[in-house]
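Examination of the molecular architecture
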Amino acid sequence: MMRVWLDGRLQEVETARIDPRDRGFTLGDGLFETVRIARGDPQRFDRHLARLRRGADLLGIAVPVSDAELRGAVADLCAAEGMADAVLRITLTQGPAARGLLPPPQPAPTLLLSVAPVPPPLPPAQLIVARDTRRNELSPLSRVKSLNYLDNVLARREAERRGGNEAVLLNSVGRVAETSIANLFLVRNGQLVTPPVAEGALPGVLRAAILEAQEVIEQPVEVADLLAADEIVLSNSLGLRPVVSLERLPVGDGQPGPFCAALARRLSPTAE
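No experiment lies behind these values; they were computed from the predicted model shown. Residue positions are counted from 1 within each chain, in the order its sequence is given. Local features in this predicted model are restricted to residues whose pLDDT is 70 or higher, and side-chain atom pairs enter the listing and the counts only when it is 80 or higher, whereas totals over whole chains, interfaces and linings include all residues. The side-chain figures draw on all heavy atoms in the structure; neither hydrogens nor water molecules are used.

**Points about the pattern of salt bridges**
Counted only if it meets this: Salt-bridge detection follows one rule: a side-chain nitrogen of Lys or Arg within 4 Å of a carboxyl oxygen of Asp or Glu. Only DSSP runs of H or I reaching four residues or more are called helices, and only runs of E reaching two or more are called strands; each is numbered from the N terminus. With a 1.4 Å probe rolled over the protein chains alone, any residue whose accessible area is under 20% of its type maximum counts as buried; one over 50% counts as exposed, and the rest are partly exposed.
Under the criterion given, the structure shown has 16 salt bridges. Among the salt bridges present, the one from Asp67 reaches Arg53, with a minimum N-O distance of 2.7 Å. One end of the pair, Asp67, is in helix α3 (residues 67-81); the other, Arg53, is in helix α2 (residues 45-59), and 14 residues separate them in sequence. Note on Arg53: relative accessible area 27%, which makes it partly exposed. Across the salt bridge formed by Glu247 and Arg162, the nearest N and O atoms sit 3.0 Å from each other. Of this pair, Glu247 sits in the loop between β14 (239-246) and β15 (249-250) while Arg162 sits in the loop between α4 (150-161) and β8 (166-170), and the two are 85 residues apart along the sequence.

Right, dumping it as structure tokens:
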């Protein structure tokens, strides 16, 4: 029987209940984090929790447990599910409230933890530049993992419709921000380049680790820069992913490049 950790205790999925008035459901008023668990250890957990708390401060949500209590809850859930290697999702919402945009004067946040088996690695990315939607780099929500992921959903659906398996999101002025589920790095003349957070890139946890691991140039990136790249690599909480094409044109020689494999070895066997 699958279990989740909801508001302080382990519960069976079939009987766990979230209030229908929850603002996470009605307004998308909430946050999430995806964390790779390897051999029972949540990878870079302190960074994930720090980003969760920054986002909670922005949205005015009080995280109802301490970091130590959250670690304990994760351990209990993994033990209950018999998973030493897993993908953890943390979902935090403002909790139930009456109709209206303003949160209740005495909110009761909802905190949900769930785990799932580690999926197999995704195939190399075939990127399509999204035309239907853009990333708003001017919004403070571009810096947090908001529950409102519909721009990402629309971009990913467009990529699928146009023969790709991942979408590049441009910002409001037409420069590269990120992809629908990952930060983006390009290799050009031996230099590693990535769009700055100010351009709409999410401050990713693995992105930060890459910036610390080696020299990276943070600068605005045009689609033309991607087309001229020797290699493109995507990063998110489940690791690194090589890119082999952009708009049906090969990236480099059209095969996964050497930088992605070398960086994966350098960061760790379980990149996040």
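**Observations regarding the pairing of strand β11 (residues 191-194)**
Rule in force here: Strand pairing requires that DSSP identify at least two bridges connecting the strands. With the strands pointing away from the viewer, any crossover whose connection runs clockwise from the first strand over the helix to the second is right-handed.
With three bridges connecting them, strand β10 (residues 183-188) and β11 associate as antiparallel partners. When the sheet's bridge partners are listed, Arg188 is paired in β11 with Gln191. In textbook terms, the turn of a hairpin is the stretch between consecutive antiparallel strands, and for β10 and β11 this stretch comprises two residues, one of which, Asn189, has a positive phi near 55°. Where β11 meets strand β12 (residues 217-218), two bridges bridge the pair, whose relative direction is parallel. In the sheet register, Val193 faces β12, and the bridge partner there is Ile217. You can see the chain leave β11, run along helix α5 (residues 205-213) and come back into β12, and the turn it takes is right-handed.

**Quick word on α3**
Formally: Here the expected span of a helix is defined as 1.5 Å times the quantity of residues minus one. What the arc covers is the set of directions going from the helix axis to the C-beta atoms.
Here α3 contains 15 residues, and its C-alpha end-to-end distance of 21 Å stays within 8% of the 21 Å for a straight helix at 1.5 Å per residue. If you check which residues of α3 are buried, you get Leu70, Ala73, Val74, Leu77, Cys78 and Glu81. Axial view of α3: buried residues confined to an arc of 130°, hence all on one face. Exposed positions of α3 whose direction lies more than 90 degrees from the buried face are Ala68 and Ala79. Phi turns positive one or two residues past the end of α3, at Gly82, with a value near 65°.

**Concerning the pairing of strand β9 (residues 176-179)**
Pairing of β8 with β9 involves three bridges; the strand directions are antiparallel. Bridged to Leu170 within β9 is Val176. With antiparallel pairing between neighbouring strands as the criterion, β8 and β9 make up a hairpin whose turn holds five residues, including Gly174 at a positive phi of roughly 90°.

**Let's talk about the side chain of Glu199**
In plain terms, the rule: The criterion used for residue contact is that any of the two residues' heavy atoms lie within 4.5 Å.
With respect to the element layout, Glu199 can be found in the loop between β11 and α5. Under the relative-accessibility criterion, Glu199 is labelled buried at 8%. Setting aside chain neighbours within four positions, we find Glu199 in contact with Glu137, Asn171, Arg175, Val176, Ala177 and Pro220.

**Let's talk about the packing of α2 against α5**
Pairs of packed helices are described in terms of their axes, by the angle between the two and the distance that separates them. Note the following rule: Geometry is summarised by axes, namely lines fitted to C-alpha atoms with helices restricted to the contacting stretch, and by angles between N-to-C directions that run from 0 to 180 degrees. Roughly parallel refers to an angle under 35 degrees, roughly antiparallel to one over 145, roughly perpendicular to one between 65 and 115, and oblique to any angle outside these ranges. The crossing is said to be left-handed when, going from far helix to near helix, the turn is anticlockwise and less than a right angle, and right-handed when the turn is clockwise. Asp, Glu, Lys and Arg are counted as charged, while Ala, Val, Leu, Ile, Met, Phe, Trp, Tyr, Cys and Pro are counted as nonpolar; the rest, among them Gly, fall into the polar class.
Packing of α2 against α5 leaves a shortest axis separation of 10 Å and a crossing angle of 125°. Here α5 runs oblique to α2, going by the angle between their axes. Like other packed secondary-structure pairs, α2 and α5 cross with a definite hand, here right-handed. Listed contacts from α5 to Arg47, His48 and Arg51 of α2 are Val205, Ala208, Ala209 and Glu212. Broken down by class, the residue content of the contact of α2 with α5 amounts to three nonpolar, one polar and three charged.

**A word on the nonpolar core**
Worth spelling out the cut-off: Grouping buried Ala, Val, Leu, Ile, Met, Phe, Trp, Tyr and Cys residues that are joined through side-chain atoms within 4.5 Å yields what is termed a nonpolar core.
Counting residues in each nonpolar core, the largest one holds 25 residues, and the members touching the most others are Phe45, Leu70, Leu88, Ile90, Leu113 and Val115. Put simply, the parts of the chain that give this core at least two residues each are β3 (30-38), α2, α3, β5 (86-93) and β6 (110-116). The contacts of Leu70, once residues within four sequence positions are left out, are Phe45, Leu49, Val65, Ile90, Leu111 and Leu113. Core analysis: the next-biggest nonpolar cluster, separate from the first, contains 18 residues, Leu186, Val221, Leu226 and Val251 among them.

**Let's talk about the packing of α2 against α3**
At a closest axis distance of 11 Å, the pairing of α2 and α3 adopts a crossing angle of 120°. Considering the angle they form, α2 stands oblique to α3. For the crossing formed where α2 meets α3, the hand is right-handed. Where α2 approaches α3, its residues Phe45, Asp46, Leu49 and Arg53 are matched on the opposing element by Asp67, Leu70, Arg71 and Val74. Of the residues assigned to the contact of α2 with α3, the class counts are four nonpolar, no polar and four charged.

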